[in-house]
Amino acid sequence: MKRLLVVTGVLVAAPQLGCERDVSQPNLEYAPDMYGSVPYDSFAPNPNTRDGKTLMAPAQGSIPRGYSPLHYGPGPQEASRAAVDLKNPFEASEPVLARGKVAFNRYCSHCHGSGGLGDGLVAARFPRPPSLLAEHAQGLADGQLFHIITHGQGLMPAHGSQVAQEDRWKIVHYIRSLQSPARTAQKGTP
Ligand code: HEC
């Protein structure tokens, strides 16, 4: 009888002990190397580097690989400056236009529509953008189109941080290719 009481007592106490475990502390750790990093973490302090950081700050004046600085701020005046100074560094070759199309469909078509007419899905709820085939957009220089994509204009948000510089130029060629049938029609040629 006594033994039965002890066994019952243990059976009742054991789960309770289990419940009082402190969940804010690590308990049994199995193979801690699997989840605790052995090397220094990227953002952890580090006594071995000159600035005390594991991921050291790049030397002053460093330029990321493939990056070319752009010396134009936002605003219409800067856009006009870009219109005069900047030239599209790419030829309108087939692969350039193909990439421009992919990037345009990805980053612009939801507002501007895949044909550039300003009839994208977002345009139903957002102020409708002007047609990129209209005379006004046709009259914008390549550098200005590039500037508008980079810094935005009026209600249009800036896309410089999302669309790679090369892709922005390729989009400019693609917009021209969308415009060219309209241009031809305007000149009265078939
Ligand atoms: C969130 C919707 C939206 C997105 C995304 C967007 N635009 Fe726009 N875009 C607009 C609106 C709205 C305007 C009119 C801006 C204004 O002047 O107020 C505009 C204006 C423009 C203009 C000037 C047209 C003119 O005749 O003045 C160009 C060029 C242009 N966008 C190109 C692009 C390109 C290229 C992309 C993709 C990289 C893009 N936009 C992405 C909404 C958008």
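Use the structure listed above.
Residues numbered from 1 in each chain as written. Predicted model: local features only at pLDDT ≥ 70, side-chain atom pairs only at ≥ 80, totals over all residues. Heavy atoms only, no water.

Our focus in this paragraph is helix α3 (residues 94–107). Across its 14 residues, α3 extends 20 Å between first and last C-alpha, which sits within 8% of the 20 Å expected from 1.5 Å per residue. When we look at burial in α3, the residues that qualify are V96, G100, A103 and F104. Buried residues of α3 fall within an arc of 100° about the axis and therefore sit on the same side. Opposite the buried face of α3, by more than 90 degrees, sit the exposed residues E94, P95 and R106. (Helix = DSSP H or I, 4+ residues; strand = E, 2+ residues; numbered from the N terminus. Expected span 1.5 Å × (residues − 1). Buried < 20%, exposed > 50% of the residue type's maximum accessible area, 1.4 Å probe, protein only. Arc of directions from axis to C-beta.)

Surrounding the iron atom of the ligand are the protein donor atoms H112 (NE2) and M156 (SD), which sit 2.0 to 2.1 Å from the metal. Each of the 6 donor atoms bound to the iron atom of the ligand contributes to angles spanning 84 to 179°, and the resulting shape is octahedral. One end of the pair, H112, is in helix α4 (residues 109–112); the other, M156, is in the loop between α6 (142–151) and α7 (165–186), and 44 residues separate them in sequence. Overall, the relative accessible area of 12% leaves H112 in the buried class. The exposure class of M156 is partly exposed, given its relative accessible area of 25%. (Donors = N, O, S within 2.8 Å, 3.2 Å for Na, K, Ca; no water. Tetrahedral: all angles 85-135°; square planar, octahedral: opposite > 155°, others 65-115°.)

Once that is clear, we can look at unusual backbone geometry. Phi at A31 takes a positive value of approximately 45°, unusual for a residue other than glycine. If you trace the backbone, A31 turns up in the loop between α1 (2–19) and α2 (76–85). For A31, a relative accessible area of 31% gives the class partly exposed.

Our next topic: the side chain of S109. Along the polypeptide, S109 turns up in helix α4. A residue is classified by how much of its surface remains accessible, and S109, at 15% relative accessible area, is buried. Within the structure, S109 has its side chain in polar contact with the backbone oxygen of N105 (distance 2.6 Å). Setting aside its immediate chain neighbours within four residues, S109 contacts F104, S114 and G120. (Polar contact = N/O pair within 3.5 Å; in protein donor to acceptor, adjacent residues only side chain to side chain. Contact = heavy atoms within 4.5 Å.)

For the structure shown, the criterion picks out 2 aromatic pairs. With 5.6 Å between their ring centres and 55° between their planes, F104 and Y174 make a pair best called tilted. Taken together, the residues span a long stretch of sequence, with F104 in helix α3 and Y174 in helix α7 at a distance of 70 residues. The same class applies to F104 and to Y174, which are both buried. The interplanar angle of 10° and the centroid separation of 4.1 Å between the aromatic rings of F146 and W169 together place this pair among those described as stacked. Remark: W169 occurs in helix α7 and F146 occurs in helix α6; sequence separation between them is 23 residues. In this structure, K170 packs its charged tip against the face of F90, placed 4.9 Å from the ring centre. (Phe/Tyr/Trp six-rings, centres within 6.5 Å; stacked < 30°, edge-to-face > 60°. Lys NZ or Arg CZ within 6 Å of the ring centre and 35° of its normal.)

Our focus in this paragraph is the layout of surface pockets. The space that makes up the largest pocket amounts to roughly 580 Å³. If you go around the largest pocket, you meet 26 residues; those closest to its centre are H112, P129, P130, I148 and M156. The set of elements that each furnish at least two residues to the lining of the largest pocket consists of α3, α4, α5 (135–139), α6 and α7. Residues belonging to the lining of the largest pocket are distributed by class as follows: 19 nonpolar, 6 polar and 1 charged. (1 Å grid on protein atoms, 1.4 Å probe; cavity = no way out; pocket = protein on both sides within 12 Å on 5 of 7 lines; lining within 4 Å. Points joined across faces, edges and corners; volume = space filled by probe spheres on them. Nonpolar A, V, L, I, M, F, W, Y, C, P; charged D, E, K, R; others polar.)

Attention shifts here to the side chain of N88. Among the secondary structure elements, N88 is positioned in the loop between α2 and α3. Overall, the relative accessible area of 15% leaves N88 in the buried class. Of the polar contacts made by the side chain of N88, one reaches the side chain of H173; its length is 3.3 Å.

Residues of α2 that are buried include every one of A79, A82 and A83, and no others. All buried residues of α2 project into a common sector of 105° when viewed along the axis, lining one side. Seen from the open side of α2, the exposed residues pointing more than 90 degrees away from its buried face are Q77 and V84. Residues of α2 that are buried make contact with α6.

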